[in-house]
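If you want the building blocks of each chain, they are given just below.
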Amino acid sequence: MAIYLWAFHGEFNAGLQYLWLMVMVVLYAARLFMITVPKRENFEDNAKKWLYLYAGVTFAMGIGWGMMTYIPADGVVADSTNMVIVTMLLALCCISAISSSAHPYMIWTFMTPIAILSSTNLLNAATNQFDMVLGIGVFVFCIFAGFVGHNLSNTLVDALYLQKRNSVLMDDVVEIARQNQKSYEGFQLLLDNLGAGAAMFDKDKKLMSWNKSFENIFNLPAGIIQRGMTLKELIRRIIKQSWQNNIDIDHAAETHLKEILEDRSEDNLVKLVMADGRNLYSKVMKISDDQMVLNYTDVTSLEQARTEDIIHVLQHDSLTGLPNQVLHKKEVRKRIVDFRRAATANKSVKETQFMALIYLGLNSLNEIYEFLGLSAGDQVVTEIAKKCQNFLSGDVHLSHVAYDEFHIITCNENNVGEVLKLVNELMEVLSEPIEVGENSITVTMSIGISVYPEHADKTDILNRNAKIAFNKAKSPHTSNVVIYDHGMHSEIMERSNILFDIRESMKKSEFLLHYQPQIDIESRDVLGVEALLRWEHPVKGSISPGHFIPLVEHTKQIIPLTEQFLPEACLQAKKWQDQGLPPLKMSVNISPFHFYEMNFSAFVRECFEGAGLEPEFLELEITEGVIMNQTEEIIKILQELSEMGVQLSIDDFGTGYSSLAYLRSLPVDKLKIDQAFIKDMCADNNSRSLVEAVIRMGHSFNLDVIAEGVETEEQLLDLQKMRCDQAQGFYIRKPASSDEITSWIKQHYA
């Protein structure tokens, strides 16, 4: 601009020149400002804004340079002036092509207005052909300069991009090299710090690297394995070093190599047993198609620990952590062996040897589980275990052998009296209430005791005797602490013999039915009979029902017995009807176990339909326990039987829990007063009052009431005064066979 003003200051209007100069200075200042400001800001976020602003300023500068030839001159522009102008334009184009080539927009926004304005001015002022050519040439030159600048910009950008890319690639190469070096060093460090022995092989199964543990695990001397040896040769040297030529090395190596190279799941490892007894697990892990790692782990201690854990689990209770039945028996056996060893070494020791087995059971744990849940029951058991541990001394062996049963072995006492003292003190501790949530639970116990050597000198027999005493303590009407005596075993043997005889007698049909009449107290007419089971043993003769009925109930043999004799009772009732006797109800006792059998209702239907007996002449006697246990299944069965027309009565009413609340809702037809109350009612006012209350209560529910066990005229008359409906008992007729009862009924109605 300075050269331009000096060259043409005399020919152009000075005011317009200075105005033009000021405009150009402002534009250059703005351009300089826009060059420096983005460097101080986040250019990437506002790149387009600065690009458009910079292009606008450059375009204005192009217009300014193109307009310089339009400033009015004092005379006609000379050829020299045109040449100077053209020279100036050429210089400007070269400068702009270089300085603005950073972006194509800058070149074209600067060159386009210069080319258009300059060439237009020259063509308008042309006076000859040369001026015309000069004007066109200026336009072409400006466009050419723009293309040169454009290509120069692309070249510059490509060069910068390549430079940056090469720089990034070089950084990546350096980083990869650094990482590879670290990876190799890290891998080797990892190998060296592995507890397991590890060796890496290439695609040809040649050794590349190994760790110190690989040498140590096989006790390999330094230098025996070398980089580049094959996997087969390595395994051969390992086996040779480990087994010291005690086996066929080549065969063992081939076998082991085949095992480890087989395709296996991750958990299916190959086991290698060393000559010193150690157990190694080997496994091949493929890193890639070109590399694999052979791993050996010494699992000897792990397997020993695992075996110890398994043994501990098998010998201890999972809930309390106490020894279980297995350890209890071991401990009894061990102490007896110690006693015998001491007795052999010193005969005077024999007199002081004493050991007691205490079997302790929790009586109400089932109810706790049922009403409060499993977690509450478990809490009670664990609390009882803690109390026992805190009370008993350290040398007393405590076991938890079943969910409700603990066993105690003690040798600290000298006689049974001291054992009983220990038991009573322990029961006092355990009877203290246990808080479970919002419930305070008091646990009762049953305890059986046997002592060594008084009751037995062998482990199994001593445990058996303690169990017998324990079962006795759990039985009703016995003490909750029972000491074994040899008569108990005789009872068990007798019961076992009876059970065997029961099974054999069922096969041989040695059981039979007797019948006892039931009469109307007012009219003394026979209304029905009760079928009663009797047993005529071929050797032992007649066996009392009180002796064998509890056994068949306890062993559930009552179910097949009922299935055998209920059809017979129905047939007998129908037979009497066919003989012309008055229709009699056949009453049969039904065990509670039948209500837990499938299709019991269908079985009853088959019995009376098979005999051709109308269902109203069949009466089933059920216990109060069935009435109290009102599960959905039992209620459903009772309803089904009632809907069939079968009569239902409650046997031995008054001996169990109060059932009055249930009589109104259940389909019961009759109450049967237990004979124990009838026997005492003449002498005991309480029994008499209870009988009267049962009769009034039964009538209030529209139920018939029958008294069993009537043995005297006085009892019958008292019952008549109380308005009891029916009676049965020895005074009326003892149970007898069907033929005898038939004759009796005929005589009664003659």
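Here the structure is shown first, and the text comes after it.
These notes cover the structure that comes with them. (Residues numbered from 1 in each chain as written. Predicted model: local features only at pLDDT ≥ 70, side-chain atom pairs only at ≥ 80, totals over all residues. Heavy atoms only, no water.)

A closer look at the environment of Arg464
For clarity, the threshold we go by: Runs of H or I in DSSP of at least four residues are treated as helices and runs of E of at least two as strands, each being numbered from the N terminus. When checking whether two residues touch, look at their non-hydrogen atoms; a contact exists if any pair is within 4.5 Å.
On the secondary structure map, Arg464 appears in helix H15 (residues 459-474). It is 10.0 Å that separates the C-alpha atoms of Arg464 and Tyr484, two residues lying 20 residues apart in sequence. Those residues in contact with Arg464 that sit more than four places away from it in its chain are Tyr484 and His489.

Some words on the pattern of salt bridges
Once their charged atoms are close, side chains differing in charge can pair, the charge on each being opposite to the other. Which entries qualify depends on this criterion: By convention in these notes, a salt bridge is any Lys or Arg side-chain nitrogen within 4 Å of a carboxyl oxygen on Asp or Glu. Under the scheme applied here, a residue whose accessible area is under 20% of the maximum for its type counts as buried, over 50% as exposed, and between as partly exposed, the area being computed with a 1.4 Å probe on protein chains only.
Tallied over the full model, the rule gives 15 salt bridges. Measuring nitrogen to oxygen at the nearest pair gives 3.1 Å for the salt bridge that ties Glu619 to Lys670. Placement of Glu619 in strand S17 (residues 618-622) and of Lys670 in strand S19 (residues 670-673) is noted, with a sequence separation of 51 residues between them. Neither Glu619 nor Lys670 differs from the other in exposure class; each is buried. Residues participating in the shared-partner salt-bridge network are Glu530, Glu621, Lys672 and Glu708.

With respect to the pairing of strand S16 (residues 585-589)
Note the cut-off: Strand pairing requires that DSSP identify at least two bridges connecting the strands. Consider the strands pointing away from the viewer: the crossover is right-handed when the path from the first strand over the helix to the second runs clockwise.
Note: strand S14 (residues 526-537) against S16, four bridges, orientation parallel. Residue pairing for S16: Ala531 is matched across the bridge by Val588. Taking the sense of rotation as the criterion, the β-α-β connection linking S16, helix H19 (residues 600-611) and S17 turns out right-handed.

Details of the packing of helix H11 (residues 325-345) against H15
Which entries qualify depends on this criterion: Orientation is described by lines fitted to C-alpha atoms, with helices fitted over the stretch in contact, and by angles between N-to-C directions that extend from 0 to 180 degrees. Oblique is the label for any angle not covered by the other classes, which are roughly parallel (under 35 degrees), roughly antiparallel (over 145) and roughly perpendicular (65 to 115). Less than a right angle of anticlockwise turn of the near helix away from the far helix marks a crossing as left-handed, whereas a clockwise turn marks it as right-handed.
Closest axis-to-axis distance for the H11/H15 pair is 9 Å, and the angle between their directions is 120 degrees. One element, H11, and the other, H15, form an angle in the oblique class. Between H11 and H15 the crossing geometry is right-handed. Residues His328, Lys329, Val332, Arg333 and Ile336 of H11 lie in contact with H15, whose contacting residues are Thr459, Leu462 and Asn463.

Considering the pairing of S14
The buried count for S14 comes to ten of twelve residues, which makes it a mostly enclosed element. Joining the antiparallel neighbours strand S13 (residues 511-520) and S14 is a turn of five residues, in which Arg524 adopts a positive phi near 65 degrees. Sheet topology places S14 next to strand S15 (residues 541-543); three bridges connect them, and they run antiparallel. Along S15, the bridge assignment pairs Glu536 with Ser542.

Thoughts on the environment of Pro517
Tracing the backbone through its elements, the reader meets Pro517 in strand S13. Expressed as a C-alpha distance, the spacing of Pro517 and Gln728, which sit 211 residues apart in the sequence, is 6.3 Å. Setting aside anything within four residues of it in sequence, one finds Pro517 in contact with Val526, Gly528, Val529, Ala727, Gln728, Arg733, Ile741 and Trp744.

Thoughts on the nonpolar core
What counts, and what does not: To define a nonpolar core, start from buried Ala, Val, Leu, Ile, Met, Phe, Trp, Tyr and Cys residues and group those joined through side-chain atoms within 4.5 Å.
Counting residues in hydrophobic clusters, the biggest one holds 80 residues, and the most contacted among them are Ile502 and Val604. The element best represented in this core is helix H18 (residues 558-578), accounting for nine residues. Those residues in contact with Ile502 that sit more than four places away from it in its chain are Phe511, Trp535, Phe548, Leu551 and Val552. Grouped together as the second largest cluster of nonpolar side chains are 36 residues, Ala356, Ala376, Val416 and Ile449 included.

Points about the sheet that holds strand S2 (residues 207-210)
Pairing in this open sheet of five strands is antiparallel, and the strands run S2-S1-S5-S4-S3 from one edge to the other. Two strands bound the open sheet, and with one partner strand each, they are S2 and strand S3 (270-273). Neighbour-to-neighbour, the strand axes of this sheet turn through a mean angle of 25 degrees, independent of strand direction. Bridge analysis of strand S1 (residues 197-201) against strand S5 (residues 292-298) gives five bridges, and the strand direction is antiparallel.

What about H15?
Helical geometry: 3.6 residues make up each α-helical turn, so side chains three or four residues apart lie on a common side. Going by this rule: An expected span of 1.5 Å times one less than the residue number is assigned to each helix.
With 16 residues, H15 extends 23 Å between its outermost C-alpha atoms, agreeing within 8% with the 22 Å of an ideal straight helix rising 1.5 Å per residue. Three or more residues of H15 are buried, namely Thr459, Leu462, Asn463, Asn465, Ala466, Ile468, Ala469, Phe470 and Ala473. Summarising the contacts, the buried residues of H15 are in contact with H11, strand S6 (355-362), strand S8 (405-410), strand S11 (445-452), strand S12 (481-483) and helix H16 (486-508).

Notes on the side chain of Asn324
Within the secondary structure, Asn324 sits in the loop between helix H10 (300-315) and H11. Leave out the neighbours within four places in its chain, and Asn324 touches Leu314, Gln315, His316, Asp317, Ser399, His400 and Val401.

Section: the environment of Asp378
You can see Asp378 is positioned in helix H13 (residues 374-391). Note: C-alpha distance between Asp378 and Tyr403 (25 residues apart in sequence) is 8.5 Å. Residues in contact with Asp378, not counting those within four places in the same chain, are Leu319 and Tyr369.

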